[in-house]
Amino acid sequence: MSKILIQFAHPTLSRSNVQRTLETHCRNVKGVTFNDLYEHYPDLYIDVKREQQLLLQHDVIIFQHPFYWYSSPPILKQWQDLVLEYNWAYGPEGDALAGKKIFNALSCGGGKEAYKETGYNRFPVNQFLLPFNQTAHLCKMEYLPPFVVHETYTVSEAELESYGQQYASILNAFVKDEIGSHHYQHVEYLNELYK
C-alpha cells in the first residue's frame, strides 16, 4: 500500500468547478493526504519542516493545480524553493525523496489540440512541465506523465464528474500499488490508464 500526498495550489478555488470536483473525489480516497498550500499558508510563510515531514511520510507526490501561464500558481514554486533543500532533497547527501513517484494533476483552459505544434500554444503540455520533470530527476524521484483536464471553461457537468471518477480511480490504483512503470511509460497523460 502506498501513501499519496497531494500538494494542492489554487489561489481562488471558489471559482474553479474543475479543481473543486477533483478535490472532492480525491478526498474520498483512503490513503490520500490533501495538503492545501494556500489554506495552510495564506501569508505564504511555508513551514519547511512540516512540509518535509509530509514528504517523508508519503510514497507518491502530486502537484495538483491550475495550469496558470504554462506553469503553477506561485506558492508551488515558493514551496519548491524552500522545501527542497540542498543535501536533503538533492546534492551529495540529499536522498530524502529518492525513489518516490511524482506527477502533476492539471486543469487547462485550452483543449488538447491547442497543445500541439500546430496549436496556438505550440508545445505539448509535457514540454511545459520540463522544470517539474528536471526537479524530480535532481531529487532522484520518478516523474510520471500528468493527469490533465482540458477545456475547463466549457467542460460539461457530466464530463467533469467523469474526470473526477477517473482521477479517483488512478489514485486508488496508486494506493493499491496496481500501477507500475510498464503502465505509464508510453502514455502522454495518466488519464489514458482509466478511460
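Here is a short report on the structure shown in this document. Computed from a predicted structure; not experimentally measured.

A few points about the pairing of strand β2 (residues 32-36)
Line of reasoning, step 1. The buried fraction of β2 amounts to four of the five residues, a majority that puts the element mostly inside the structure.
Line of reasoning, step 2. Where strand β1 (residues 4-8) meets β2, five bridges bridge the pair, whose relative direction is parallel. By the bridge assignment, Leu5 is partnered in β2 with Thr33.
Line of reasoning, step 3. Between β1 and its parallel partner β2, the chain crosses via helix α1 (residues 17-27), and the hand of that crossover is right-handed.

Notes on the pattern of salt bridges
Line of reasoning, step 1. Inspection of every chain in the model, using the stated rule, returns six salt bridges.
Line of reasoning, step 2. The salt bridge partner of Asp81 is Lys77, with a shortest N-O separation of 2.7 Å. On the criterion of helical spacing, the pair formed by Asp81 and Lys77 is a turn pair, its members being four residues apart in helix α4 (residues 74-83).
Line of reasoning, step 3. For Asp81, a relative accessible area of 48% translates into the label partly exposed.
Line of reasoning, step 4. A salt bridge links Glu188 to Lys112, with the nearest nitrogen and oxygen atoms 3.3 Å apart. One end of the pair, Glu188, is in the segment after α8 (181-184); the other, Lys112, is in the loop between β4 (101-107) and α5 (125-128), with 76 residues separating them in the sequence.
Line of reasoning, step 5. When its relative accessible area of 28% is taken as the criterion, Glu188 is described as partly exposed.

Some points on empty space enclosed by the protein
Line of reasoning, step 1. Summed over the entire model, instances satisfying the criterion amount to one cavity of 30 Å³ or more.
Line of reasoning, step 2. The volume enclosed by the largest cavity comes to roughly 90 Å³.
Line of reasoning, step 3. Phe63, Leu84, Ile102, Thr135 and Met141 are, among the 14 residues lining the largest cavity, the residues nearest its centre.
Line of reasoning, step 4. Elements with a contribution of two residues or more to the lining of the largest cavity: β3 (60-66), α4 and α6 (130-138).
Line of reasoning, step 5. When its residues are assigned to classes, the lining of the largest cavity shows 12 nonpolar, two polar and no charged.

Regarding the nonpolar core
Line of reasoning, step 1. Counting residues in each nonpolar core, the largest one holds 34 residues, and the members touching the most others are Leu55, Phe67, Trp79, Leu97 and Val125.
Line of reasoning, step 2. Sorting the residues of this core by element identifies α2 (37-40), α3 (48-56), β3, α4, β4, α5 and α6 as the ones contributing at least two each.
Line of reasoning, step 3. Val125 has contacts with Phe67, Leu106, Tyr115, Pro146, Val148, His150 and Tyr189, leaving out every residue within four places of it along the chain.
Line of reasoning, step 4. Counting 30 residues, the second largest nonpolar core, distinct from the first, contains Leu22, Leu144, Ala168 and Leu190.

The rules behind the values
- Residues numbered from 1 in each chain as written.
- Predicted model: local features only at pLDDT ≥ 70, side-chain atom pairs only at ≥ 80, totals over all residues.
- Heavy atoms only, no water.
- Buried < 20%, exposed > 50% of the residue type's maximum accessible area, 1.4 Å probe, protein only.
- Helix = DSSP H or I, 4+ residues; strand = E, 2+ residues; numbered from the N terminus.
- Pairing = 2+ DSSP bridges.
- Right-handed = clockwise from strand over helix to strand, strands pointing away.
- Salt bridge = Lys/Arg side-chain N within 4 Å of Asp/Glu carboxyl O.
- 1 Å grid on protein atoms, 1.4 Å probe; cavity = no way out; pocket = protein on both sides within 12 Å on 5 of 7 lines; lining within 4 Å.
- Points joined across faces, edges and corners; volume = space filled by probe spheres on them.
- Nonpolar A, V, L, I, M, F, W, Y, C, P; charged D, E, K, R; others polar.
- Core = buried A, V, L, I, M, F, W, Y, C linked by side-chain atoms within 4.5 Å.
- Contact = heavy atoms within 4.5 Å.

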